[in-house]
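Structural overview
Each chain, letter by letter, is given below.
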Amino acid sequence: MSLAIEHKRRVLAQGVAVAVAATAASKTYSTENAFSSPANARKNLMLQEAALDLDLERLSALKNMAARQDLKRNELLPKYQDYVQRYAESGLNLDNRVLVRVLIWLFDTAQFEDGLELADFAIEQGQLMPEGFKRRDVETFVADAIYDWAYAEYQADRSPEPYLSDLLPRVDGEWVLTEQIPSKYHKLIGMRAMKNEQWETALMHLERSTELYAKAGNETRIKECRKALAKQRNAAGVTE
């Protein structure tokens, strides 16, 4: 082998080594390239989870509900939402406790538009609710959270729309849920319709509620709706 050929091979080998070193350096973890590779994303997630655990301890130490809500809304959500946004844009799919906790806090603080958008992403990724939840699917959490809020609004004589009706096609059709959940959605919509004397709408929803879950407790309301509709038909008959 000539000296010239040997020299050429050494130069090529050195070039490859430099390129490999440069590639490795480019993948070294930093906040700027936290999502440049799955390995870096996992390192970043570990750091975020460590911070989250400390913040969960801070929340647990607060005995006042208003103080907890204020901490979530004004400090913790802004702190972690940028990370969640960057994670969503990365195209990666990791078991992500931070994403799920942000989802919970959005519903806790009644930020439903952002919460529903993040829920769609979490469902697409197959994320699970934290251990300790009776049902760990995101769909059940979202459906229950919206219903609980909507029922409280109803009791306070405020409108739970558009969220109650907008979510109905999902809870009764798109999502696989226990039958009690879509049943109680229909029941609440029926109750609101009764309050507004929209008897046909009320009857439709109350009957669907009962069809889904026989123990929904709609019997008296259904009778009242049918009585009101019969009265309307009789009155119409007299007028004609």
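Every value quoted in this text rests on a predicted model; they were computed, and no experiment measured them.

**Brief notes about helix 6 (residues 138–155)**
- The terminal C-alpha atoms of helix 6, which comprises 18 residues, lie 26 Å apart, in line with the 26 Å expected from a rise of 1.5 Å per residue.
- Among the residues of helix 6, those classed as buried are Val138, Glu139, Thr140, Phe141, Val142, Ala143, Ala145, Ile146, Tyr147, Ala150, Glu153 and Tyr154.
- Taken together, the buried residues of helix 6 touch helix 4 (97–108), helix 5 (112–125), helix 7 (163–174) and helix 8 (180–195).
- Looking one or two residues beyond helix 6, the residue adopting positive phi is Asp157, at roughly 65 degrees.

**Description of the nonpolar core**
- Core analysis: the biggest nonpolar cluster contains 51 residues, and Phe107, Val142 and Tyr185 have the highest contact counts within it.
- Those elements giving two or more residues to this core turn out to be helix 2 (38–61), helix 3 (65–90), helix 4, helix 5, helix 6, helix 7 and helix 8.
- Leave out the neighbours within four places in its chain, and Phe107 touches Phe112, Gly115, Leu116, Phe141, Val142, Ala145 and Ile146.
- Residues Trp199, Ala202, Leu203 and Ala228 belong to the second largest nonpolar core, which totals 10 residues.

**Regarding helix 8**
- Across its 16 residues, helix 8 extends 22 Å between first and last C-alpha, which sits within 8% of the 22 Å expected from 1.5 Å per residue.
- Buried within helix 8 are the following residues: Ile181, Pro182, Ser183, Tyr185, His186, Leu188, Ile189, Gly190, Met191, Ala193 and Met194.
- One or two positions beyond helix 8, positive phi appears at Glu197, with a value near 55 degrees.

**Some remarks on the confidence of the model for the protein**
- This prediction gives the protein a mean pLDDT of 89; 86% of its residues lie at or above 70.
- Ignoring residues within four places in sequence, the model shows residues 16–26, a span with pLDDT below 50, making 1 contact including any to other chains.

Definitions and limits used
Residues numbered from 1 in each chain as written. Predicted model: local features only at pLDDT ≥ 70, side-chain atom pairs only at ≥ 80, totals over all residues. Heavy atoms only, no water. Helix = DSSP H or I, 4+ residues; strand = E, 2+ residues; numbered from the N terminus. Expected span 1.5 Å × (residues − 1). Buried < 20%, exposed > 50% of the residue type's maximum accessible area, 1.4 Å probe, protein only. Contact = heavy atoms within 4.5 Å. Core = buried A, V, L, I, M, F, W, Y, C linked by side-chain atoms within 4.5 Å. pLDDT = per-residue confidence, 0-100.

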